[in-house]
Amino acid sequence: PLIKNLVNGMVDREIVFSLAQKNGYKPSAQLVKDEFDKMLKQLPQDKRQVLESQLKMQNKTIDDYKNEISAAAFSKYLKEKIEPQSKVSDADVEKFYRENQENFKVPEKITASHILIRPNVPAGKENDKAVTAKADADALAKTKTLLAQLKQGADFGALAEKESACPSGKSAKGSLGEFSPGMMVPEFDKAAFALKKGEMSDIVKTQFGYHIIKVTDKKAGGYEPLAKVKGDVKNYLVAKKTDEQLKALVEKTRKELGLKIANF
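This is a predicted model, so every value here is computed, not measured.

Reading the values: the criteria
- Residues numbered from 1 in each chain as written.
- Predicted model: local features only at pLDDT ≥ 70, side-chain atom pairs only at ≥ 80, totals over all residues.
- Heavy atoms only, no water.
- Phe/Tyr/Trp six-rings, centres within 6.5 Å; stacked < 30°, edge-to-face > 60°.
- Helix = DSSP H or I, 4+ residues; strand = E, 2+ residues; numbered from the N terminus.
- Buried < 20%, exposed > 50% of the residue type's maximum accessible area, 1.4 Å probe, protein only.
- Axes fitted to C-alpha atoms, helices over the stretch in contact; angles between N-to-C directions.
- Parallel < 35°, antiparallel > 145°, perpendicular 65-115°, else oblique.
- Left-handed = near helix turned anticlockwise from the far one by under 90°.
- Contact = heavy atoms within 4.5 Å.
- Nonpolar A, V, L, I, M, F, W, Y, C, P; charged D, E, K, R; others polar.
- Pairing = 2+ DSSP bridges.
- Expected span 1.5 Å × (residues − 1).
- Polar contact = N/O pair within 3.5 Å; in protein donor to acceptor, adjacent residues only side chain to side chain.

Asker: I keep staring at the packing of aromatic side chains and nothing clicks. Help me out?
Answerer: Think of a pair of aromatic rings as described by two things: how far the centres are apart, and how the planes are tilted against each other in angle. All chains considered together, the criterion is met by four aromatic pairs. Ring centres of Phe-96 and Tyr-236 lie 5.4 Å apart, and the angle between their planes is 45 degrees; on these two criteria the pair is classed as tilted. Within this pair, whereas Phe-96 is found in helix 6 (residues 90-99), its partner Tyr-236 is found in helix 11 (residues 226-257), the two being separated by 140 residues in sequence. Of the residues examined, Tyr-236 reaches a relative accessible area of 43% and is grouped as partly exposed. Note on Phe-179 and Phe-193: the rings are 5.9 Å apart at their centroids and 85 degrees apart in plane angle, and the pair reads as edge-to-face. Taken together, the positions of Phe-179 in strand 3 (residues 175-179) and Phe-193 in helix 10 (residues 186-193) put the pair 14 residues apart, joining distant regions of the chain. Residue Phe-179 is classed as buried on the basis of its relative accessible area, which comes to 2%. Taken together, Phe-179, Phe-188 and Phe-193 form an aromatic cluster joined through their ring pairs.

Asker: What am I meant to see in the packing of helix 7 (residues 129-151) against helix 8 (residues 156-163) here?
Answerer: Axes are the key here: two packed helices are described by the angle between their axes and the distance separating the axes. Packing of helix 7 against helix 8 brings their axes to within 10 Å, and their N-to-C directions diverge by 155 degrees. As far as their axial angle goes, helix 8 and helix 7 are roughly antiparallel. Relative to helix 8, the crossing made by helix 7 is right-handed. Judged by residue contacts, Lys-142, Leu-146, Gln-149 and Leu-150 of helix 7 engage Phe-156, Leu-159 and Glu-163 from helix 8. Considering only residue class, the contact of helix 7 with helix 8 consists of four nonpolar, one polar and two charged.

Asker: Where do I start with the side chain of Ser-168 in this structure?
Answerer: Tracing the backbone through its elements, the reader meets Ser-168 in helix 9 (residues 167-172). The class of Ser-168 is buried, set by a relative accessible area of 8%. With residues near it in sequence (within four places) discarded, Ser-168 still touches His-114, Lys-173, Gly-174, Ser-175 and Leu-176.

Asker: Could you clarify how one ought to interpret the sheet that holds strand 4 (residues 200-206) in this entry?
Answerer: Sheet strands pair by backbone hydrogen bonding; their relative direction is either parallel or antiparallel. A sheet is described by the order of its strands in space; here four strands give the open sequence 3-2-5-4, paired in antiparallel fashion. Because the sheet does not close on itself, it has two edges, and the strands there are strand 3 and strand 4. On average, each strand axis in the sheet is inclined to that of its neighbour by 30 degrees, with strand direction left out of account. The pairing of strand 4 with strand 5 (residues 209-219) spans five bridges and is antiparallel. Looking at the pairing, Val-204 lines up with His-211 of strand 5. The strands touched by helix 7 within the sheet are strand 2 (109-117), strand 4 and strand 5, with strand 4 carrying the most contacts at an inclination of about 170 degrees.

Asker: I would appreciate a short explanation of helix 7 in the present structure.
Answerer: Helical geometry: 3.6 residues make up each α-helical turn, so side chains three or four residues apart lie on a common side. End to end, helix 7 covers 33 Å across 23 residues, agreeing with the expected 33 Å (1.5 Å per residue, within 8%). Within the span of helix 7, buried status applies to Ala-135, Ala-139, Thr-143, Leu-146, Leu-147 and Leu-150. Lining the buried residues of helix 7 we find strand 2, helix 8, strand 4 and strand 5. Residue Asp-128 occupies the N-cap position of helix 7, its side-chain oxygen lying 3.1 Å from the main-chain nitrogen of Ala-130. Once helix 7 finishes, Gly-153 follows within two positions and takes phi at roughly 110 degrees, a positive value.

Set out below in C-alpha cells:
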C-alpha cells in the first residue's frame with residue numbers, strides 16, 4: 001500500500017501539471033521568478049534571513065532555489081482557475097461557525113501572583129524522612145506567618161520579592177502573568193481559578209512547596225465572535241472546497257484516461 005500510495009500521488013501530480021499546461025499555465029523561468037518574488041515580498045525580514053541561512057547551509061543561494069521550483073504553474077492554475085469556482089457565502093460561514101462552535105471556544109483566564117515557600121532539604125538528605133518532615137513543617141510554619149502578615153495588610157508584591165522561592169518573586173514581585181486552566185499543576189490550578197478578582201487563597205500545597213495565591217484579574221471564558229473569525233473561516237472553507245474540486249477533477253481525468261494502479 002505504501003508504494004501504491006506513492007505511485008498514486010505521483011500520477012495525480014502529473015495529471016494536475018498536465019491540466020495546468022492544457023489551460024495555458026506553462027512552467028517558465030519568468031513565471032517561477034515572478035511567483036517566487038511575490039512570495040519573498042510577503043515574508044517578514046527575519047523569516048527571509050532564516051530562509052537565506054538555511055539555503056546557505058546547503059550551499060545554495062535564493063537564485064539557486066528559484067531554479068528548483070517546479071510548482072509555480074500549478075499554483076497559478078489553482079489560484080486562477082480552480083479557486084474562483086469555490087464560492088463560499090456568508091450563510092456557509094455562519095453555518096460552519098454554529099456547527100463547530102467548540103473550535104472557537106475561548107478559555108477563562110486569570111492573572112495571578114504567588115509566594116512560594118519551598119521546604120529546605122539539605123543535599124544528600126532527600127531520603128531521610130525525619131529531615132524532610134522537619135523541612136516541610138518549617139516551610140508550612142513560615143507560610144502561615146506570611147499569610148498572617150498579608151491578612152494584616154502587608155504588601156503582597158514586596159513579600160513575594162523578599163520571601164518567594166519562585167524566580168517570579170525577584171523578577172516580577174510574584175506575578176505569573178495571565179494563564180488559562182491546565183497551564184499550572186492541578187492543585188495550584190484548582191485553587192487559583194476558584195478565587196475571584198482581588199481575592200487571596202489560603203495555603204496551597206503542591207509538589208513545589210507551599211503557595212499563597214492572589215488573583216489580580218479575571219476574564220470569563222466564552223466564544224470568539226463570528227465577526228472576529230469570519231475571514232479565517234471563509235479562507236478555510238474556500239481551501240477545503242478548492243481541494244475537493246481539484247480531487248474531483250483529477251479523478252475525472254483518471255477515469256477518462258482509464259488509469260488504474262495495479263496492486264503491489
